[in-house]
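Reading the structure
If you want the building blocks of each chain, they are given just below.
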Amino acid sequence: MEQPRTATEPDVPASAEPRDDAAPAAQGGMPEARIDDAVFDIAGLTVRYGSFTAVRDISMRVPRHDITALIGPSGCGKSTLLRSLNRMNDLIPIASTEGRVLYNGEDIYADWVDPVEVRRRIGMVFQKPNPFPKSIYDNVAFGPKLNGFKGNMDDLVEESLRRAALWDEVSGKLKDSGLSLSGGQQQRLCIARAIAVSPDVILMDEPCSALDPIATLKIEDLMRDMKEDYTIVIVTHNMQQAARVSDYTAFFTVDVDDEKGERTGDLVEFDTTERIFTQASDQRTEDYITGRFG
Amino acid sequence: MSATDTSTTKESLRGSGRARRADPIFRGLVLVAATSVLVVLAAMIIRTTLDAWPVFDAMGFWGFISGQQWSVGHSRSEVTGTYGAFPFIYGTLKISFFAILAAVPLAIGIALFINEIAPAWLKRPLASTVELLAMVPSVVYALVGIYFFRLYIWEPVGQFIASSPLGNLTFFGPPVLLSSYWSAANILAIMILPIITAICRESFAQVPRDEVNAAYAMGATRWEVMRKVIVPRSFSGIVGGTMLGLGRALGETIAIAFLIGASQRWAPQLFFGGDAMTSVIVNTFADAAPEAIWALLAIGVTLFLITTIVNVLARLIVYRVGQFSGDAAL
C-alpha cells in the first residue's frame, strides 16, 4: 500500500491530492502528492441534477487495490460522486456531468463508451441489501447469465459466495430465497452477486448502514480481504468505519449558499486515512472528525 | 381536594353525550349502505335465475350451454322453442381470447415504453392519451369500427392473412366478412388496452428501484432490466390487469353487437360472422316473446357465471404468485 511519493509532481492537478508523507503540511495551499497506480483519475468533476449542483469541481485519484472512503455530512455529494464512477447517475434523467473520470486512463464519459460495459467492470453494492426475490444461487448467477457466461456456473457461484464469506452459511440451501437470509447475509449475497461478474472495482454506498454491529464487522473484514483482488470505494456515514477499513479517505463538506438556497458538495481534503484522522490539514476536516459538526 | 379532583375527572370522562347520540345513527346509515349492495346483488341473481328457470328446466343446463341450435318460440307461458346457447358462448370466448391475445403484449409494451424508455416530456402526454382511450364511450368505438377500422384496416388485413399460406387452415380461411369475430375481437382489443396498460404501469412502477439499480449495476442493459427484473416481478399485476380486461371484454355489448355480424350460428373461421352472449341479448330482446326473454335471461345468468369464474381464477393466480415470489425462486 505504501507507495513511493514525491513532494511535488508537476503533472498533477493542485487540488485535493493526497500529500506526500514527507511533505510538511504547512506548505501553503493544498498539499499534493502522487498515487502511482490510480484506477480512477477524476478531474474537475461537477454533477448537476437539473439546475441543482450536487458536487462541484472534484479532482482526486483513487488508488488501485486499496480501500478509499468518502466521508462527510449528509448532502455533501459523496453518494453522487460514487454513482458517477460507474455512470449510475445516467439513470437519473435530469443528471448531467461535467469534467472527466478516467478509468484506467480512459474517460468513461467519452462518447464512444457504453455505460453498460462500464458497469460490468465497476460493480456496486447498495445501502439497503437488495437481493432479487430469487434463490441464492440465481441471485449470484444473474449477472454471469446476462453476460453470457459459458463456464461452469456451479463453480462460479461457489467461488463468488466463498469470496463474499457467505459460502459456509448457505452452501446447504442454495435453492432457498435470497430474502430468507438475515440482513448481513443478504448484503454479503449482494457482494457475491457483484463479484460474480468479475469486476475490477466495487463501489459501496453505505453498505452497512442497515446492519447491526456484528454484521457490520463481518462486512468490514470481508472488505479487507477483498482488496487483494479489487479496488474498493466506500461511502460511509460512520467515521469509525472509515478509520477501521480504509487506506485513503476523502472528506467532503456542504457549501451552503443562503442567497440561492443551494447546497453543493465540495471535496475538502483527500489523504491517507491515517493522516486525515490524526493530522488533518483543514480545520473543517478536523472539526468533523472530532464531532464538532455533521 | 382529592374528592373534588375525582368528581371533576368523572364529569370530564362522561363527555357531553353528543358522540353517543350521533354514533348509532351514523352506524345505521353505513350499515344500510353496505347491506343494500348485497340486497341488490341477491335480488338480481334470484330474479334472473327464477325467470330463466323454465328454459334451464326444459333444455337442461348442459343442454343449454352445449346446444347449437337457437330457434325462438312465441309462447307466453311455456318453452316451445329450442335454446342452445353454444354459438354465443363460443363467440364471446373466441373474441375475448383474441382481444386479450392482442391487447396484453401491446399493453405491456406501451407500459414499458411510458415508464422506462420515454423521455420525461413525453411520459405525461402519452399516459394521458392512453387514459383518454378509456373514456371514449363504447358506442363511439362501435361507430368508428363500423365506418373506419373494419373497412380500411381489419378487412384488408384479414384478406391478406386469408390469402397467405395461413389461409389454408380453416381457422384463417376465407371468406373474409366485414362484420366478423375478427372485427369484434379487434375493437375489443382497443377497448381493453387502457385498463391493462394502466395496471401494468402501476405494477411496473412498484418494482423496487433497488432491484432495478442492482441489475443495472451488474451491467444489464435497459432491455435486460425490463425482461429479467421488471416484467417477471410484475407478473401478478399483469395477470390482474389481463383479468380486468377480460372482464370488460366479456361484458362489452354495443361495439360487439355492431361488429360481430349477428349470425346465430357459430363458425370455426375467424373472419366469419357470428354472435356473442351480450350482442344476441341486445339485438333480439326488443321483439322477443316471453319465452325468448327467459332464454335471453338464461344467457345473462350464464355470462354472470363465467365472469365470476374468471374473477375467482384471477384472484387465485394473483394470490399464489404473490405467495410464491415472497419466498421462493421465481
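Residues numbered from 1 in each chain as written. Chains lettered and ligands numbered in written order. Predicted model: local features only at pLDDT ≥ 70, side-chain atom pairs only at ≥ 80, totals over all residues. Heavy atoms only, no water.

1. Examining the pattern of salt bridges
As enumerated under the stated definition, the model contains 23 salt bridges over all chains in all. A salt bridge links A:R121 to A:E117, with the shortest nitrogen-to-oxygen separation between them at 3.0 Å. Here A:R121 and its partner A:E117 are both found in helix α2 (residues 115-121), four residues apart, which amounts to about one turn of the helix. A relative accessible area of 39% places A:R121 in the partly exposed class. Residue class for A:E117 comes out partly exposed when judged on its relative accessible area of 31%. Within this structure, A:E117, A:R120, A:R121 and B:E224 form a network of salt bridges that share partners. (Salt bridge = Lys/Arg side-chain N within 4 Å of Asp/Glu carboxyl O. Helix = DSSP H or I, 4+ residues; strand = E, 2+ residues; numbered from the N terminus. Buried < 20%, exposed > 50% of the residue type's maximum accessible area, 1.4 Å probe, protein only.)

2. Things to note about the nonpolar core
If you look at the biggest cluster of nonpolar residues, it comprises 123 residues, and the most contacted ones within it are A:F40, A:M60 and B:F64. Ranked by the residues each element gives to this core, the list is headed by helix α7 (residues 181-205) of chain B, at 13 residues. A domain split of this core shows at least three residues from each of domain 1 (3-59) and domain 2 (82-325) of chain B. Membership of the second largest hydrophobic core comes to 44 residues, among which are A:A141, A:A196, A:I202 and A:M239. (Core = buried A, V, L, I, M, F, W, Y, C linked by side-chain atoms within 4.5 Å. Domains from an automatic or database assignment.)

3. Some details on unusual backbone geometry
Cis geometry marks the peptide bond from B:P174 to B:P175, where omega comes out at 0 degrees. Within the fold, B:P175 resides in the loop between α6 (138-163) and α7. The backbone phi angle of A:H65 is positive, close to 55 degrees, even though this residue is not glycine. Along the polypeptide, A:H65 turns up in the loop between β2 (52-63) and β3 (67-71). Even without a glycine there, the phi angle at A:N104 is positive, about 50 degrees. Relative to the elements of secondary structure, A:N104 occurs in the loop between β4 (95-103) and β5 (106-107).

4. Considerations on the packing of helix α8 (residues 209-217) of chain B against helix α9 (residues 222-233) of chain B
Residue and element names in this part refer to chain B. Running from N to C, α8 and α9 point in directions that differ by 150 degrees, and their axes come no closer than 10 Å. The angle between α8 and α9 places the two elements in the roughly antiparallel class. Between α8 and α9 lies a crossing whose hand is right-handed. Residue-level contacts link E211, V212, A215 and Y216 of α8 to R222, V225, V229, I230 and R233 of α9. Taken together, the residues that form the contact of α8 with α9 break down as six nonpolar, no polar and three charged. (Axes fitted to C-alpha atoms, helices over the stretch in contact; angles between N-to-C directions. Parallel < 35°, antiparallel > 145°, perpendicular 65-115°, else oblique. Left-handed = near helix turned anticlockwise from the far one by under 90°. Contact = heavy atoms within 4.5 Å. Nonpolar A, V, L, I, M, F, W, Y, C, P; charged D, E, K, R; others polar.)

5. Focus: the interface of chain A and chain B
Taken together, the contact pairs 25 residues of chain A with 21 residues of chain B. Taking both sides of the interface into account, the surface hidden between chain A and chain B amounts to around 2000 Å²; carbon and sulfur atoms contribute 64%. Ranking the residues of chain A by area buried against chain B places A:F132, A:P133 and A:L146 at the top, with a combined share of 28%. In this structure, B:D210 and A:K128 form a salt bridge, with 3.5 Å as the shortest nitrogen-oxygen distance. Put simply, chain A and chain B have two residue pairs in polar contact (both at pLDDT 80 or more) between them. When contributions to the side of chain A that touches chain B are tallied by element, the ones reaching two or more residues are α2, β6 (122-125) and α3 (136-146) of chain A. Ranked by the residues each element gives to the side of chain A that touches chain B, the list is headed by α3(A), at four residues. The residue inventory of the side of chain A that touches chain B, partitioned by class, reads 13 nonpolar, six polar and six charged. (Buried area = accessible area lost by both parts, 1.4 Å probe. Polar contact = N/O pair within 3.5 Å; in protein donor to acceptor, adjacent residues only side chain to side chain.)

6. So, a nonpolar patch on the surface
All names here are of chain B. On the surface, V139, V140, L143, V144, Y147, F148, L151, Y152, I153, V157, L178 and F258 cluster together into a nonpolar patch covering about 1000 Å² of accessible area. Top contributing element to the nonpolar patch by residue count: α6, with 10 residues. Among the secondary structure elements, L178 is positioned in the loop between α6 and α7. (Patch = residues over 30% accessible without salt bridge, like charges linked within 9 Å, V, L, I, M, F, W, Y side chains within 5 Å. Areas by Shrake-Rupley, 256 points an atom, 1.4 Å probe, with all protein chains shown as cover.)

7. Concerning the packing of helix α6 (residues 183-195) of chain A against helix α7 (residues 213-226) of chain A
Residue and element names in this part refer to chain A. Closest axis-to-axis distance for the α6/α7 pair is 9 Å, and the angle between their directions is 20 degrees. By the criterion of interaxial angle, the relationship of α6 to α7 is roughly parallel. Here α6 and α7 pass one another in a crossing that is right-handed. Contacts from G184, Q187, R188, I191 and I195 in α6 reach A215, K218, I219, L222 and M226 in α7. Across the contact of α6 with α7, the residue classes tally to six nonpolar, two polar and two charged.

8. Points about the confidence of the model for chain A
Detailed reading of the predicted coordinates is not advisable wherever pLDDT falls low. All names here are of chain A. Looking at chain A as a whole, the pLDDT averages 85, with 87% of positions reaching at least 70. In the model of chain A, helix α10 (residues 283-289) stands out as the element of lowest mean pLDDT, 85, in contrast to strand β8 (residues 231-235), which has the highest, 95. This model gives residues 1-17 a pLDDT under 50, and the stretch forms 42 contacts once residues within four places in sequence are excluded. Note on residues 19-33: pLDDT under 50 across the span, and 38 contacts to partners over four residues away in sequence or across chains. (pLDDT = per-residue confidence, 0-100.)

9. Regarding the pairing of strand β1 (residues 38-49) of chain A
Residues and elements named next belong to chain A. Of all 12 residues in β1, 10 are buried, a share of seventy percent or more. Direction of pairing for β1 relative to β2: antiparallel, over a ladder of eight bridges. When the bridges of β2 are listed, F40 appears paired with V62. Hairpin remark: β1 followed by β2, antiparallel, with two residues in the connecting loop; positive phi at G50, about 65 degrees. Inspection of the sheet shows β1 paired to β4 by eight bridges, in the antiparallel sense. If you follow Y49 over to β4, its bridge partner there is A95. (Pairing = 2+ DSSP bridges.)

10. Remarks on the side chain of A:N139
Residue and element names in this part refer to chain A. Its place among the elements puts N139 in helix α3. On the accessibility criterion, N139 (0% relative accessible area) is buried. Within the structure, the side chain of N139 is placed 3.3 Å from the backbone oxygen of K134, a separation counted as a polar contact. If we ignore the near neighbours within four places in the chain, the residues touching N139 are P131, F132, K134, G178, L189 and R193.

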